[in-house]
Amino acid sequence: MAHSLMTTYAPLPISFAKGEGVYLWDTTGKQYLDAVAGVAVCGLGHAHPVIAEAIAEQARTLVHTSNLYRIEHQEALSERLCALSGLDNVFFSNSGAEANEAAIKLARLYGKQRGIERPNIIVACGSFHGRTLATLSATGNRKVQAGFSPLVDGFVRVNFNDIAAIKTAADTNSDIVAILVEPVQGEGGVQIPDADYLQQLREICDANNYLLMLDEIQTGMGRTGEWFAFQHTNIKPDVMTLAKALGNGVPIGACLAGGKAASIFTPGTHGSTFGGNPLATRAALTVIDVLSQENIIDHVKTIGEYFLTALTQKLAHLSTVNVIRGKGLMIGIELDYECTHFVAAAAEQGVLINVTAGNTIRLLPPLIINQAQADEVINTVTDLIQQQTG
Ligand SMILES: *Cc1c(COP(=O)(O)O)cnc(C)c1O
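A brief report on the enclosed structure follows. Given the structure is predicted, the values throughout are model-derived calculations rather than measurements. (Residues numbered from 1 in each chain as written. Predicted model: local features only at pLDDT ≥ 70, side-chain atom pairs only at ≥ 80, totals over all residues. Heavy atoms only, no water.)

1. Side note on the pairing of strand 7 (residues 176-181)
Both faces of the sheet carry side chains from a regular strand, because those side chains alternate between them.
Thought 1: For strand 7, the buried fraction is high: six of the six residues fall into the buried class.
Thought 2: When strand 7 meets strand 8 (residues 211-215), the two strands line up parallel, connected through four bridges. Bridge pairing in strand 8 places L180 opposite M213.
Thought 3: Since strand 7 and strand 8 lie parallel, the crossover through helix 8 (residues 197-208) that links them has a hand, and here it is right-handed. (Buried < 20%, exposed > 50% of the residue type's maximum accessible area, 1.4 Å probe, protein only. Helix = DSSP H or I, 4+ residues; strand = E, 2+ residues; numbered from the N terminus. Pairing = 2+ DSSP bridges. Right-handed = clockwise from strand over helix to strand, strands pointing away.)

The structure is reproduced here in structure tokens:
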């Protein structure tokens, strides 16, 4: 790797020259089936012709003007996102961490309005919310925080999927103003909470005047088989953050708010130079068009079930397989050993997979993956695990 790059990553010695759909080709011409999709970003696959054309046309027309002026595509995108989610308004950022920063700032202002001088936000162990100082402080992973103290104050940590712990925190801490969780923990290993978890969080938030804030940066935009993962339940959050798949690779994040949370920010309380620019919002508008016109979210439900059933059938009986978890196309295979080496081994065979939390193979393929392509991923992963099990 070039010495002039800061070593914040340890990339595989592979560089891709082009992509099409679920496939990538490296600089030597080798083809890969991409079951990572740029970490849940390229939901519509690589070089989608409709998205590519929209980006190109927008680039020829207008890329950036700043938020000192109205931006038509930004307004249209906010309308679409609110209609899809049932929330009321949107702030646009350029990344997931920035969307969460907006949510954290919004929660603190909300607390101040309620007369709480030192507002606290409940967050979960095993969570991931980003790499900025506030979002790494919210993140429930010591490795992400190591070396960066003093951390940002005001986060109260509880175990994920532990309602009793939240009730205890609520009973003993009068400074709490919000709960921030992922509906399914992604980096934490595809951790799926009990079916009534969000419902119970909603009830606790309502009883205590907390904001329920869902980080849907990884789960949103169809990944779990609904537009947003909270739509598997009957509840609505007060705040929801999006990024990753929203622009299919064009950087964009969003912080949505509803009800009482929708009137917290006023001119001057938050901002972004690039946020919601014509290029990014045109890309995201087109992503939404394609997702709805091609019924892709229904497809995610079907193909996600197919993945889960096949993987369970082929792997669940192995003693080294702890558990197989999945919601739509967010799939985790937790092994009883450290399996980071599978990433390079699978790439060798032309399939890109991810390993998270050390022992969990995570599959996040493009939402457009078909059954034959799913079989290729399933067979590669099954072979790797079986060979290792011996
Ligand atoms: C990726 C991710 C983030 C951070 O997004 P960035 O765009 O990398 O800042 C935050 N929360 C969740 C759940 C994520 O998956």
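2. Quick look at the sheet that holds strand 12 (residues 330-335)
Within a sheet, neighbouring strands are paired by backbone hydrogen bonds and run either parallel or antiparallel to one another.
Thought 1: The four strands are arranged 11-12-15-14 in an open sheet whose pairing can be described as antiparallel. What marks the edges here is a single partner per strand, and that holds for strand 11 (321-327) and strand 14 (354-356). Averaged over all pairs of adjacent strands, the angle between strand axes in this sheet comes to 25°, irrespective of strand direction.
Thought 2: Inspection of the sheet shows strand 14 paired to strand 15 (residues 360-363) by three bridges, in the antiparallel sense. Each bridged residue has a counterpart across the sheet, and for N354 the counterpart in strand 15 is R362.
Thought 3: The sheet contacts of helix 10 (residues 296-315) involve strand 11, strand 12 and strand 15, and relative to strand 11 the element is tilted by about 170°.
Thought 4: Set on the sheet, helix 12 (residues 371-389) makes contact with strand 11, strand 12 and strand 15; between it and strand 15 the angle comes to about 170°. (Axes fitted to C-alpha atoms, helices over the stretch in contact; angles between N-to-C directions. Contact = heavy atoms within 4.5 Å.)

3. A word on the environment of A243
Thought 1: If you trace the backbone, A243 turns up in the loop between strand 9 (239-242) and strand 10 (253-257).
Thought 2: The exposure class assigned to A243 is buried, which follows from its relative accessible area of 3%.
Thought 3: Sequence spacing of A243 and T219 is 24 residues, and the spatial spacing of their C-alpha atoms is 9.7 Å.
Thought 4: Ignoring any residue separated from it by four or fewer positions in sequence, one finds A243 in contact with S95, G96, I217, I252 and G253.

4. With respect to the pairing of strand 5 (residues 120-124)
Thought 1: Across the five residues of strand 5, five count as buried, placing the element largely inside the fold.
Thought 2: Burial along strand 5 is two-sided: N120, I122 and A124 and I121 and V123, pointing in opposite directions, are all buried.
Thought 3: Taken together, the three bridges between strand 5 and strand 7 define a ladder with parallel strand orientation. Paired with I122 across the strands is I179, a residue of strand 7.
Thought 4: Examined bridge by bridge, strand 5 and strand 6 (residues 155-158) share four bridges and lie parallel to one another. Within strand 6, the residue paired with I121 across the bridge is F155.

5. As for the site of the ligand
Thought 1: Lining the immediate surroundings of the ligand are S95, G96, A97, N100, F128, H129, G130, E182, D215, I217, Q218 and K244.
Thought 2: A distance of 3.1 Å separates a nitrogen atom of the ligand from a polar backbone atom of F128.
Thought 3: Tallying contributions element by element places helix 4 (residues 96-113) first for the shell around the ligand, with three residues.
Thought 4: Classifying every residue of the shell around the ligand gives three nonpolar, six polar and three charged. (Near = heavy atom within 4 Å. Polar contact = N/O pair within 3.5 Å; in protein donor to acceptor, adjacent residues only side chain to side chain. Nonpolar A, V, L, I, M, F, W, Y, C, P; charged D, E, K, R; others polar.)

6. What to know about the sheet that holds strand 7
Thought 1: Read from one edge to the other, the open sheet built from seven strands follows the order 4-10-9-8-7-5-6, with strand pairing classed as mixed. The sheet terminates laterally at strand 4 (89-93) and strand 6, the two strands that pair on one side only. On average, each strand axis in the sheet is tilted by 20° relative to the strand beside it, whichever way the strands run.
Thought 2: Strand contacts of helix 3 (residues 72-85): strand 4, strand 9 and strand 10, with the helix running at about 125° to strand 4, the strand carrying the most contacts.

7. A short note on unusual backbone geometry
Thought 1: Put simply, S149 and P150 share a cis peptide bond, and its omega is 0°.
Thought 2: Tracing the sequence through the fold places P150 in the loop between helix 6 (142-145) and strand 6.
Thought 3: Located in the positive-phi region is A40, a residue other than glycine, with phi close to 65°.
Thought 4: Positionally, A40 belongs in helix 1 (residues 37-40).
Thought 5: Positioned with a positive phi, M221 is a non-glycine residue whose angle comes to about 60°.
Thought 6: Mapping M221 onto the fold places it in the loop between strand 8 and strand 9.
Thought 7: Take M221: its relative accessible area is 3%, and that puts it in the buried class.

8. As for the layout of surface pockets
Thought 1: Within this model, the second largest pocket holds a volume of roughly 340 Å³.
Thought 2: Taken together, 17 residues line the second largest pocket, and the ones lying closest to its centre are N67, Y69, Q74, F91 and G275.
Thought 3: Contributions of two or more residues to the lining of the second largest pocket are made by helix 3 and strand 4.
Thought 4: Residues that form the lining of the second largest pocket fall into these classes: six nonpolar, nine polar and two charged. (1 Å grid on protein atoms, 1.4 Å probe; cavity = no way out; pocket = protein on both sides within 12 Å on 5 of 7 lines; lining within 4 Å. Points joined across faces, edges and corners; volume = space filled by probe spheres on them.)

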